[in-house]
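Each chain, letter by letter, is given below.
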Amino acid sequence: MRSFARSLAVALASATAGCTPPMAKIDALRKALESDDAVAVASATSGYPACNDAPPEALLTTQASARDVSCFAAIANALGSKKGFLPMPADHAATATIAVVLLRDGRGDWVAHAENWLGSLRNGKGSGPDTLRLAVARKMAAAAPVVGRTIETESGARDAMKAVAGAIPGACPTYWLLGSGTEAAAVATEHSADHAACVQHDLKRREGPGGSYGSGTFRALEGSLALWRETERALRLGVSSAGSSAKPTIEAKLAVIEPATHAIATKKMEATSPDAAVAFLGAMHADAGAPMERDAGSRPTAK
C-alpha cells in the first residue's frame, strides 16, 4: 500500500511539474513588452503558427476574417486558449494573438473587428489587453516618424498608410495595398480608395474629414490618419485600466506617439459632397435603419 501511495505521489508531482498555467505564455509576452527589449520581444513572439499572406478579403470592420478560424485560432490555442480565437468579445488569448501578429508580421490589415480592438485598448483589463496595448504602442511609436510629419507627396502618403497598416489592428486592406506600392488601377474596386467600405468608415471617425472626402490616394490617407488618431486616443484612455507594471512602458510610447500625431499635416482636397437631395434621402434611410452610402466613386449629377 505504501508503495502504491509513493508511486501515486510521484506521478501527481510529475504531472503538476509538466503543466503550464493557462496564462503563462501571455504573461511572458506581456513582460517582454514591458521590458521594451527587442530581443526579448522577438523571442516571446517566435514559434507560433504562421499566417500566410493572401489576397485581401472584402470586409467591413465588423465581419469575420477567414484567418479568425485558421491561423489566428491556431495562435490563440498555442497561447493557452481552449476555444480558439474569440474576438467578440475579445478574451485574453485573442488580444494576445493580435499582439503576436502585429509584432511578428506587422500586418494590422490581416485583422477584422477594428472596433473590438479599440474597445480593448480603451477598457480592457488584465494581461491580454495589456499585451495588446503594449504591442500597439510599440508599433505606433516605431511608425511615428513616418506618420507624424507633413505629407504632401504620393510617396509620402503611401509610406504613411503602410506604417498605419502595420501598426494598428483592423487597418483597412486598402492602406496596405497602396502603401506597398500597388498601382491604383491594379486594386480591386472593393478595395480602391474611392469605393472601399473600410476607408469610408474611417473617414467618418471623430477626426476624419467625412465619408465623401476627396478621391484617390489622399482620400485613403485621411482615412488611415483618422484611424491612427482614434487609436492614439484609445491608448491614452486605456492607461487608467492598464496594470501597474504595463503603465510606464505605455506612457513612454505615448510620449513619442502624441507629439507625432500633433505634427501631422496633409495636402487637403475638396470634398465630393452629395447634393441636398441625396443628403436628405440618406438621412431618411439612416433613420429607418438602412443607411444609404454613396462612395467617392460616384459624383454629383452634372448640371
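Structure first, text after, so check above.
Quick look at the structure, then. This is a predicted model, so every value here is computed, not measured.

Quick word on the nonpolar core
The biggest cluster of nonpolar side chains holds 75 residues, and the ones touching the most others in it are Phe72 and Trp228. Setting aside residues up to four positions removed in sequence, Trp228 forms contacts with Met140, Ala143, Ala144, Val147, Val164, Ile168, Ile257, Thr261 and Ile264.

A closer look at the packing of aromatic side chains
As enumerated under the stated definition, the model contains two aromatic pairs in all. Ring centres of Phe85 and Trp117 lie 6.1 Å apart, and the angle between their planes is 35°; this geometry places the pair in the tilted category. Here Phe85 is found in the loop between helix 4 (71-78) and helix 5 (92-105), whereas its partner Trp117 is found in helix 6 (residues 114-123), with 32 residues between them in sequence. Overall, the relative accessible area of 7% leaves Phe85 in the buried class. Here the aromatic residues Phe72, Phe85 and Trp117 are joined through ring pairs into a cluster of three or more. Seen from the ring of Trp176, Arg107 lies directly overhead, with NZ or CZ sitting 3.9 Å from the centre. Here the basic side chain of Lys267 rests over the ring of Phe218, its NZ or CZ set 4.4 Å away from the ring centre.

A few points about the state of the cysteines
According to the stated counting rule, one finds two disulfides in the structure shown. Across the disulfide from Cys51 sits Cys71; the S-S distance is 2.1 Å. Negative torsions about the S-S bond denote left-handed disulfides, and the value of about 100° found for Cys51 with Cys71 makes this one right-handed. Of the two residues, Cys51 is situated in the loop between helix 3 (38-44) and helix 4 and Cys71 in helix 4; the sequence distance between them amounts to 20 residues. Per residue, the accessibility class of Cys51 equals that of Cys71, and both read buried. The side chain of Cys172 participates in a disulfide bridge whose partner is Cys198; the two sulfur atoms lie 2.1 Å from each other. A torsion of 40° about the S-S bond marks the disulfide between Cys172 and Cys198 as right-handed. Of this pair, Cys172 sits in the loop between helix 8 (154-167) and helix 9 (173-179) while Cys198 sits in helix 10 (residues 197-203), and the two are 26 residues apart along the sequence. With respect to class, Cys172 is no different from Cys198; both count as buried. Take the cysteines of the chain that form disulfides and number them in order along the sequence; they join up as 1-2, 3-4.

Quick notes on the side chain of Arg219
Of note, Arg219 is situated in helix 11 (residues 216-238). No salt bridge is formed by the buried Arg219, whose closest oppositely charged neighbour, Asp194, lies at an N-O distance of 4.4 Å. Within the local environment of Arg219, its side chain forms a polar contact with the backbone oxygen of Gly211, the two atoms lying 2.8 Å apart.

Side note on helix 5
Counted at 1.5 Å a residue, the expected span for helix 5 with its 14 residues is 20 Å, and the 20 Å between its end C-alpha atoms agrees. Taking burial as the measure, the 14 residues of helix 5 include eleven buried ones, the bulk of the element. Residues of helix 5 that are buried include every one of Ala93, Ala94, Thr95, Ala96, Thr97, Ile98, Ala99, Val100, Val101, Leu102 and Leu103, and no others. The secondary structure elements touched by the buried residues of helix 5 are helix 2 (24-35), helix 3, helix 4, helix 6, helix 7 (127-147) and helix 8. For helix 5, the side-chain oxygen to backbone nitrogen distance between the N-cap and Ala93 is 3.3 Å, and the N-cap itself is Asp91. Of the residues one or two after helix 5, Gly106 is the one with positive phi, at around 60°.

The rules behind these values
Residue positions are given per chain, counting from 1 as you read along its sequence in written order. The predicted nature of this model means local features are confined to residues of pLDDT at least 70 and side-chain atom pairs, given and counted, to a pLDDT of 80 or more, with totals for whole chains, interfaces and linings taken over all residues. To get the side-chain values, all heavy atoms of the structure are used, and hydrogens and water are removed first. What is meant by a nonpolar core is a set of buried Ala, Val, Leu, Ile, Met, Phe, Trp, Tyr and Cys residues, joined one to another through side-chain atoms within 4.5 Å. In this scheme, a residue with accessible area under 20% of its type's maximum is buried, one over 50% is exposed, and one in between is partly exposed, where area comes from a 1.4 Å probe on protein chains only. Here, residues are in contact when the closest pair of their heavy atoms is within 4.5 Å. Between the rings of Phe, Tyr and Trp (Trp by its six-membered ring), a pair exists once the centres lie within 6.5 Å; its type follows the angle of the planes, with under 30 degrees stacked, over 60 edge-to-face, and the other angles tilted. Per the convention used, a helix needs a DSSP run of H or I reaching at least four residues, while a strand needs a run of E reaching at least two, with both numbered from the N terminus. Sitting over a ring, as applied to charges here, requires NZ of Lys or CZ of Arg to be within 6 Å of the ring centre and within 35 degrees of the ring normal. Two cysteine sulfur atoms form a disulfide, by the criterion used here, when they sit within 2.5 Å. For the charge count, each Lys or Arg is scored as positive and each Asp or Glu as negative, with His and the chain ends excluded. A side-chain nitrogen of Lys or Arg and a carboxyl oxygen of Asp or Glu constitute a salt bridge if their distance falls within 4 Å. Residues adjacent in sequence count toward polar contacts only when both atoms are side-chain atoms; beyond that, a polar contact is any pair of N or O atoms within 3.5 Å, and within protein one must be able to donate a hydrogen and the other to accept it. Between the first and last residue of a helix there are one fewer steps than residues, each counted as 1.5 Å, and that sum is the expected span.

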